Amino acid sequence: MTNLELQNLTQKLSTEKFNRPFIHDVYFNQRLRTTGGRYHLNNHHIDINPKMIDQFDMDNLVGVILHELCHYHLHLTGKDYHHGSHDFKALLQQVGGSRYAPIPATEQAKMVRYQCQSCWNVVVRRRKLNVKRYVCARCGGRLKLI
């Protein structure tokens, strides 16, 4: 899918689901890693992670676009556009957008796992921890990289 096809799909979804036009730009951003899309408050453009179409299906891509369009239309109408707001949750449910985007397999493989030596609790992080400095949040035991 090209950026032009993505633009046309986004404009079509905006008029069908929101009854409002999408007059800004939407494009694929290769640098997005752990998020499905991003709405820019300053210029109202939308970035979409190309992995949402490469590694997942078209329904997932549509869900991510609808999610970002909820931010877009709420922000332009002066309503609360944040994830936790009632307006955002209600509009997202009304149009059928995705609440969360799945994490691509390449990013899941980068997760680092630690296990507590006392309570055997498994801790998953994106970044490595210094096991000499950090301890288990549950019991205070030592962590070990697994």
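Our structure's up above, just so we're on the same page.
Residues numbered from 1 in each chain as written. Predicted model: local features only at pLDDT ≥ 70, side-chain atom pairs only at ≥ 80, totals over all residues. Heavy atoms only, no water.

Caption draft 1: Fine view of the sheet that holds strand β5 (residues 122-125). Judged by pairing direction, the sheet is antiparallel, and its three strands sit side by side in the order β5-β4-β6 without closing on themselves. Single-partner strands in this sheet number two, and they are β5 and β6 (143-145). On average, adjacent strands in this sheet sit at an angle of 30° to one another, irrespective of strand direction. (Pairing = 2+ DSSP bridges. Helix = DSSP H or I, 4+ residues; strand = E, 2+ residues; numbered from the N terminus. Axes fitted to C-alpha atoms, helices over the stretch in contact; angles between N-to-C directions.)

Caption draft 2: Spatial organisation of the packing of aromatic side chains. One pass over the full model with this rule turns up two aromatic pairs. Between tyrosine 39 and tyrosine 72, the ring centres sit 6.0 Å apart and the planes meet at 90°, which makes this aromatic pair edge-to-face. Residue tyrosine 39 is found in strand β2 (residues 37-39), and its partner tyrosine 72 is found in helix α3 (residues 58-76); the two are separated by 33 residues along the sequence. Taking relative accessible area as the criterion, tyrosine 39 reaches 11% and is therefore assigned buried. Through successive ring pairs, a cluster of aromatic residues spans Phe22, Tyr39 and Tyr72. (Phe/Tyr/Trp six-rings, centres within 6.5 Å; stacked < 30°, edge-to-face > 60°. Buried < 20%, exposed > 50% of the residue type's maximum accessible area, 1.4 Å probe, protein only.)

Caption draft 3: Inspection of the pairing of strand β4 (residues 112-116) at higher detail. The element β4 is largely enclosed, with a buried count of four among its five residues. Across four bridges, the pairing between β4 and β5 is antiparallel. Directly across from tyrosine 114, in β5, lies its bridge partner valine 123. Taking the residues that link successive antiparallel strands as the turn, the β4-β5 hairpin has five residues, and the phi of tryptophan 120 there is positive, at about 65°. When β4 meets β6, the two strands line up antiparallel, connected through three bridges. Paired with glutamine 115 across the bridge in β6 is lysine 144.

Caption draft 4: Structural view of the nonpolar core. Phe18, Ile46, Ile48, Ile65, Leu69 and Cys70 are the most contacted members of the largest nonpolar core, which has 24 residues in total. Those elements giving two or more residues to this core turn out to be α1 (3-18), β1 (26-28), β3 (46-48), α3 and α4 (86-95). It is α3 that contributes the most residues to this core, eight residues altogether. Counting residues in hydrophobic clusters, the runner-up holds six residues, among them Tyr114, Cys116, Val123 and Leu143. (Core = buried A, V, L, I, M, F, W, Y, C linked by side-chain atoms within 4.5 Å.)

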